[in-house]
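Next come the chains, spelled out residue by residue.
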Amino acid sequence: MEFKDYYEVMGVKRDATQDEIKRAYRKLARKYHPDVSKQKDAEERFKEVGEAYEVLKDPEKRTAYDQLGANWKAGQDFNAPPDWDAGFEFSGGGYTGGFGDGADAGAYSDFFESLFGQGFQTAGPGGYQTQGGYHARGSDHHAKVLIDLEDAMNGATRSFGLRVPQVDAQGHVTTKERVLKVNIPKGVKQGQHIRLAGQGNPGMGEGKAGDLYLEIEFNPHSIYRVDGRDVYLDLPIAPWEAALGASIKVPTPAGAVDMKIKPGAASGNKLRLKGRGIPGKPAGDLYVVLTISLPEASTDKAKSLYKDMQQALDFNPRAGLGV
Amino acid sequence: MMTQRTDILTGIILEEEIHLSLRELCDACAVHAEFITELVNEGVIEPSGFDKSHWCFSGVSLHRIRAAKHLQRDLGVNLAGVALALDLLDEMQRLHTQLQKLSGPEHE
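(A) How the structure looks around the interface of chain A and chain B. Listed by partner, the interface residues are 54 residues for chain A and 42 residues for chain B. Roughly 4,200 Å² is buried in total at the junction of chain A and chain B, and carbon and sulfur atoms are behind 53% of that figure. Where chain A touches chain B, the interface holds 1 salt bridge. Of the charged contacts, one joins E16 of chain B and R229 of chain A as a salt bridge, the two residues approaching to 2.8 Å between their closest N and O atoms. Taken together, the connections running from chain A to chain B amount to 14 residue pairs in polar contact (both at pLDDT 80 or more). Of all the secondary-structure elements, those providing two or more residues to the side of chain A that touches chain B are α2 (18-32), β2 (156-167), β3 (173-184), β4 (193-196), β5 (212-218) and β6 (224-227) of chain A. Of the residues belonging to the side of chain A that touches chain B, the class tally is 19 nonpolar, 17 polar and 18 charged. Here 2 bridges tie β4 of chain A to strand β2 (residues 12-13) of chain B, and the two strands are oriented antiparallel to one another. Counted as the bridge partner of R195 of chain A is I12 of chain B from β2 of chain B.

(B) The arrangement of the sheet that holds strand β7 (residues 230-237) of chain A in detail. Taken in spatial order, the 4 strands of this open sheet run β6-β7-β11-β10 (chain A), and their pairing is mixed. In this open sheet, the two edge strands, each paired with only one partner strand, are β6 and β10 (270-273) of chain A. Ignoring strand direction, the axes of neighbouring strands in this sheet form an average angle of 30°. The sheet strands contacting helix α5 (residues 79-103) of chain B are β6 and β7 of chain A, and the helix crosses β6 of chain A at an angle near 155°.

(C) The arrangement of helix α3 (residues 42-56) of chain A in detail. With 15 residues, α3 of chain A extends 21 Å from end C-alpha to end C-alpha; this agrees with the ideal 21 Å at 1.5 Å per step. Among the residues of α3 of chain A, those classed as buried are A42, F46, V49, G50, E51, A52, Y53, E54, V55 and L56 of chain A. Looking at the packing, one finds that the buried side of α3 of chain A touches α1 (6-10), α2, α4 (59-66) and α5 (110-116) of chain A together with α4 (59-75) of chain B.

(D) Highlighting a positive patch on the surface. A cluster of like positive charges, contributed by K22, R26, K27, R30 and K31 of chain A, occupies part of the molecular surface. Taking the relative accessible area as the measure of exposure, K31 of chain A reaches 48% and is therefore partly exposed.

(E) How the structure looks around a nonpolar patch on the surface. Residue and element names in this part refer to chain A. On the surface, a nonpolar cluster with roughly 350 Å² of combined accessible area is contributed by M309, L313 and F315. Here F315 shows up in the segment after α8 (300-312). According to the relative accessible area criterion, F315 is exposed, its value standing at 66%.

(F) Representation of the sheet that holds strand β1 (residues 141-147) of chain A. Taken in spatial order, the 4 strands line up as β1(A)-β5(A)-β4(A)-β2(B) in an open sheet, and their pairing is mixed. Two strands bound the open sheet, and with one partner strand each, they are β1 of chain A together with β2 of chain B. Here β4 of chain A pairs with β5 of chain A via 4 bridges, running antiparallel. The residue of β5 of chain A that forms the bridge with I194 of chain A is L214 of chain A.

(G) Just the pattern of salt bridges, in detail. Under the definition given, this model contains 16 salt bridges over all chains. A salt bridge links R158 of chain A to D151 of chain A, with the nearest nitrogen and oxygen atoms 2.8 Å apart. Given the relative accessible area of 34%, R158 of chain A is considered partly exposed. Salt-bridge contacts for R73 of chain B lead to D74 of chain B; the nearest nitrogen and oxygen are separated by 2.9 Å. Since its relative accessible area comes to 28%, R73 of chain B is described here as partly exposed. Sharing partners across several salt bridges, the network here consists of E54, D58 and K61 of chain A.

(H) Fine view of α5 of chain B. In this model, α5 of chain B (25 residues) spans 36 Å end to end at C-alpha, consistent with the 36 Å of a helix rising 1.5 Å per residue. Taken together, the buried positions of α5 of chain B are L79, V82, A83, L86, L89, T97 and K101 of chain B. In this fold, the buried residues of α5 of chain B make contact with β6 and β7 of chain A together with α3 (33-41) and α4 of chain B.

(I) Geometry of the state of the cysteines. Residues and elements named next belong to chain B. Inspection of every chain in the model, using the stated rule, returns 0 disulfides over all chains. C26 carries a free sulfur, and the closest cysteine sulfur to it, the one in C29, is 7.9 Å from it. Since its relative accessible area comes to 9%, C26 is described here as buried. No disulfide involves C56; its sulfur sits 14 Å from that of C26, the nearest cysteine. With relative accessibility at 28%, the residue C56 sits in the partly exposed group.

(J) The arrangement of the confidence of the model for chain A in detail. Residues and elements named next belong to chain A. For chain A, per-residue confidence averages 83 on the pLDDT scale, and 85% of positions sit at 70 or higher. No element of chain A has a lower mean pLDDT than α5, which averages 78, and none a higher one than helix α7 (residues 239-244), which averages 96. Below pLDDT 50 for its whole length, residues 119-132 participates in 29 contacts with residues either more than four positions away or in separate chains.

(K) Structural detail: the packing of aromatic side chains. Residues and elements named next belong to chain A. Applying the stated criterion across every chain, the model contains 9 aromatic pairs over all chains. Between Y6 and Y65 the ring centres are 4.9 Å apart and the planes differ by 35°, which places this aromatic pair in the tilted class. Separated by 59 residues along the polypeptide, Y6 in helix α1 and Y65 in helix α4 bring together distant segments of the chain. A relative accessible area of 1% means that Y6 is categorised as buried. A network of ring pairs unites the aromatic residues F3, Y6, Y7, Y65 and F111 as a single cluster.

Criteria and cut-off values
Residues numbered from 1 in each chain as written. Chains lettered and ligands numbered in written order. Predicted model: local features only at pLDDT ≥ 70, side-chain atom pairs only at ≥ 80, totals over all residues. Heavy atoms only, no water. Contact = heavy atoms within 4.5 Å. Buried area = accessible area lost by both parts, 1.4 Å probe. Salt bridge = Lys/Arg side-chain N within 4 Å of Asp/Glu carboxyl O. Polar contact = N/O pair within 3.5 Å; in protein donor to acceptor, adjacent residues only side chain to side chain. Helix = DSSP H or I, 4+ residues; strand = E, 2+ residues; numbered from the N terminus. Nonpolar A, V, L, I, M, F, W, Y, C, P; charged D, E, K, R; others polar. Pairing = 2+ DSSP bridges. Axes fitted to C-alpha atoms, helices over the stretch in contact; angles between N-to-C directions. Expected span 1.5 Å × (residues − 1). Buried < 20%, exposed > 50% of the residue type's maximum accessible area, 1.4 Å probe, protein only. Patch = residues over 30% accessible without salt bridge, like charges linked within 9 Å, V, L, I, M, F, W, Y side chains within 5 Å. Areas by Shrake-Rupley, 256 points an atom, 1.4 Å probe, with all protein chains shown as cover. Lys, Arg positive; Asp, Glu negative; His and termini not counted. Charge placed at Lys NZ, Arg CZ, Asp CG, Glu CD. Disulfide = S-S within 2.5 Å. pLDDT = per-residue confidence, 0-100. Phe/Tyr/Trp six-rings, centres within 6.5 Å; stacked < 30°, edge-to-face > 60°.

Structure representation (structure tokens):
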């Protein structure tokens, strides 16, 4: 397994004081908190920082970690020397908190497990929530999944691979890939959650299994943008279509439609196609934002047409600027 | 423990189809009723129904309570701080969406 340099992770020197470590942790935890950060690898970084802090905040663990020596480099192949922790007593067991939920136990790396894993008693699925006896509802799982706009438009069945932490009989945590086939309900919006009852962690005793929550995120679309159920489309039109009006074909997520443009249309004009957004109650609208696209003056004919316009029209686009 | 499933699962949309009582919300978020009451008092979540025994929460509350729990646990912020953070996160999300709407799909 790979050696982890917890000082490097926290961005502190090896002789940092406990206060400095705490400050560094607070700062990094705010930066990478999965509920706060938009960064893609935020959750991973957050867990890494949490693990480093778990060791460095505890003088016992820190001293034990330090005596592995300063010569190890992050990523180097590592095996815990036998009896490496002789003379240390970890009073708090392996885990002294930080990550609460049993489901989050997978947060710790193999490296951490090999050093501090002993004595770790898993709280079990939802163990903190025991409601008498040994019965407890399994904890809920949360995962983010990416779908396409078209899936929300029409409804679809999609497969997702989820990494699920599992605790074996010895208390070791591994992650396992679990493939789920899920019906995407027609009309689902970005940021909404789909609850799959009973698909979370199994319960203990007669406790029910927890639920699985899938947070829906849309893949960026090549031509549409989405806001709630409304869909936005930038539509290029020719100058003469804008000036004279026209009936043109417009793509919509549900197929092309004909749309009328009134004479005198300008760039930035927003036309609404009611109910052509993501379906629902109420259905979203499709907003078509006009942008006037100029033909290139790449041929003699095109150049002469532009010259004709220049001579025939008394046009100063900067009149409003006083020049 | 968990086997690979190939059957197709159908869920419900949390934000639209789910309404929860105080008890159900406690179970779903694995928190005490006191914590939820405090969040209501801070204005983090807004139940309908005039007294506690008739409180009814929308599915959005579930997500907010979970975030509140994590922020409090991981960052050591108090409830007023949690309330502020959640409001600012909402505002950030709104601006982010607005920005995407204005600047086109090529700008992530």
